[in-house]
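Structure assessment
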Amino acid sequence: MPQPGTAEPAWLTDGFDHIWLPYAQMKTAPRPLPVVASCGSRLMLDDGRVLIDGIASWWTACHGYNHPHIAAALTAQLAQMPHVMFGGLAHEQAYKLASRLSALLPGDLERVFFTESGSVSVEVAMKMALQYWMNKGVAGRLKFLSFRGGYHGDTFATMAVCDPDEGMHRQFAGALAQQVIADLPRDAASLAALRDLIARHRNELAAIIIEPRVQGAGGMIFHADDVLRHLRALADEFDLLLIFDEIFTGFGRTGALFACAAAGIVPDIVTLSKALTGGTLPLAATIARKHIFDAFLDDDAGKALMHGPTYMGNALACAAANASLDLFERDSRLQQVAEISAGLEQGLNPCRSLPGVKDVRIMGAIGVVELTQIRDRRILQRAFIDKGVWVRPFGNIVYLTPAFTISADELGQLTSAICDVLSA
Ligand code: PLP
């Protein structure tokens, strides 16, 4: 084993010339850290160092890494049948998962369409919304209303509903469908402005799409559940569909299992991914209410939803998702989220008085320190690694979204590292 930080494994040296990394300028991108094993909230590096993970692999590993219950379910499913095509063939894991998701979601959100990534589940939600109006014989409803600060994915339809100015896809504006982008209605004046905007576009809008409670990748910006209730009321008033993108917020992250249920709202379509498989395999779901599904039922085959990703309903991924739901049923995950929330509140509190800190905010198992400016993210990142924690700042924020199973001691090490690095 090499000395800490001294050498990298040959597979990284050789492979680096053939890899294209996410969200990275490859000319200057620092070497990623070689991880050789994971366990609970810890990542083991090739050189023997161990990092406490504050991000849970982009918010997926909600039960911690290598949970034995999910591992056992995957092993059993692998031996039995890893995958079969979803067209014309059925298997227990996907059908069971669809029933369980519909039972967990509020109201008549009861039809589940599986895909393999969050972005594609949003694409499917958008396609469902467009075709809903087409199937009902209503022409011209071809646009979406989305919000500044929002992020819904990296594919072309989803890029068009991301924040067009601050978002990372702004250079593609000319190649994207023009959507209607609004400010979140946070007070009476902005609510009235949104109502006017919707009234002006009412005949061309198919749906409103929002990340409920937290705009995640757009900067971990929180809003109150009232905002969501206003949107439901506006959607009803102007006969628009309402899509909740719960890819980040779903499965307990904000303190409730789903943001829509916590807000007392039944959106017309919901998208889920990220923590769906407990951070093991790619899987996403688009869940529609009965009236959406019913609009596709017809003797005319042309009114069917023409979508079907090759790995749709992958049996391994669905087995992992079922095992993850077992853990939500069996263990007190939401209680753990409440405890993490209190730990984040206490642990990040000292940051409030640090120079350069604009805001400290906590919701559920999300802790955010917003700075006025991060001059060099790399220096910050290296300082965190030196402290033995994996924290990945973006924009002007440093944030924590740990596994719900993280210990109080590990969480304390994460928050102390943030306080120490930011004060230095
Ligand atoms: N929607 C939201 C709210 C997200 O946070 C993300 C990813 O961060 C996506 C969609 C896209 O998901 P994926 O990266 O799996 O395509």
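Conventions we followed
- Residues numbered from 1 in each chain as written.
- Predicted model: local features only at pLDDT ≥ 70, side-chain atom pairs only at ≥ 80, totals over all residues.
- Pairing = 2+ DSSP bridges.
- Helix = DSSP H or I, 4+ residues; strand = E, 2+ residues; numbered from the N terminus.
- Axes fitted to C-alpha atoms, helices over the stretch in contact; angles between N-to-C directions.
- Domains from an automatic or database assignment.
- Contact = placed C-beta atoms within 7 Å.
- Expected span 1.5 Å × (residues − 1).
- Near = placed C-beta within 6 Å.
- Nonpolar A, V, L, I, M, F, W, Y, C, P; charged D, E, K, R; others polar.

A word on the sheet that holds strand β7 (residues 205-210)
- Reading across from one edge, β4-β12-β11-β10-β7-β5-β6 is the order of the seven strands in this open sheet, with mixed pairing throughout. One side of each edge strand has no neighbouring strand; the edge strands of this open sheet are β4 (109-115) and β6 (180-182). Neighbour to neighbour, the strand axes of the sheet diverge by 20° on average, direction disregarded.
- As judged from the four bridges shared by strand β11 (residues 269-272) and strand β12 (residues 284-289), these two strands associate in the antiparallel manner. For threonine 271, the partnering residue across the bridge sits in β12 and is threonine 286.

A word on unusual backbone geometry
- Despite not being glycine, tryptophan 59 has its phi angle at roughly 75°, a positive value.
- The residue tryptophan 59 is located in helix α2 (residues 56-59) in this model.
- Unusually for a residue other than glycine, arginine 213 sits at a positive phi of about 75°.
- Relative to the helices and strands, arginine 213 resides in the loop between β7 and β8 (214-215).

Description of the domain arrangement of the chain
- Domain boundaries assigned for the chain yield domain 1 (10-66 + 332-423) and domain 2 (68-330).
- For domain 1 versus domain 2, the separation of C-alpha centres amounts to 27 Å.
- Across the contact, 25 residues belong to domain 1 and 21 residues belong to domain 2.
- Of all elements in the fold, only α2, α12 (333-348), β13 (357-363), β14 (366-371) and β16 (397-400) reach the threshold of two or more residues within the side of domain 1 that touches domain 2.
- Here the side of domain 1 that touches domain 2 takes five residues from α12, the largest share from any one element.

A look at the sheet that holds β14
- Read from one edge to the other, the open sheet built from three strands follows the order β13-β14-β16, with strand pairing classed as antiparallel. Edge positions in the open sheet fall to β13 and β16, since each of these has one partner strand only. When the angles between neighbouring strand axes are averaged without regard to direction, this sheet yields 10°.
- Two elements, β14 and β16, share four bridges in a ladder whose sense is antiparallel. Within the sheet, the bridge partner assigned to glutamate 370 lies in β16 and is isoleucine 397.
- α12 contacts β13, β14 and β16 of the sheet and is inclined by roughly 165° relative to β13.

Regarding helix α14 (residues 408-423)
- The end-to-end C-alpha distance of α14, which contains 16 residues, comes to 22 Å, matching closely the 22 Å that a straight helix rising 1.5 Å per residue would cover.
- Buried residues belonging to α14 abut β3 (50-53), α12, β14, α13 (377-386), β15 (389-390) and β16.

A look at the site of the ligand
- Inspection of the region around the ligand gives 14 residues, with Ser117, Gly118, Ser119, Gly153 and Ile247 positioned closest.
- If you tally residues by element for the shell around the ligand, the top one is helix α5 (residues 118-135), at three residues.
- Of the residues assigned to the shell around the ligand, the class counts are five nonpolar, seven polar and two charged.

Describing the pairing of β3
- Where strand β2 (residues 42-45) lies against β3, three bridges are found, and the strand directions are antiparallel. If you follow leucine 43 over to β3, its bridge partner there is leucine 51.
- Between β2 and β3, which follow one another and run antiparallel, lie four residues, and glycine 48 among them has a positive phi close to 100°.
- By the bridge criterion, two bridges tie β3 to β15 in an arrangement that is parallel. Of the residues in β15, the one forming a bridge with aspartate 53 is tryptophan 390.

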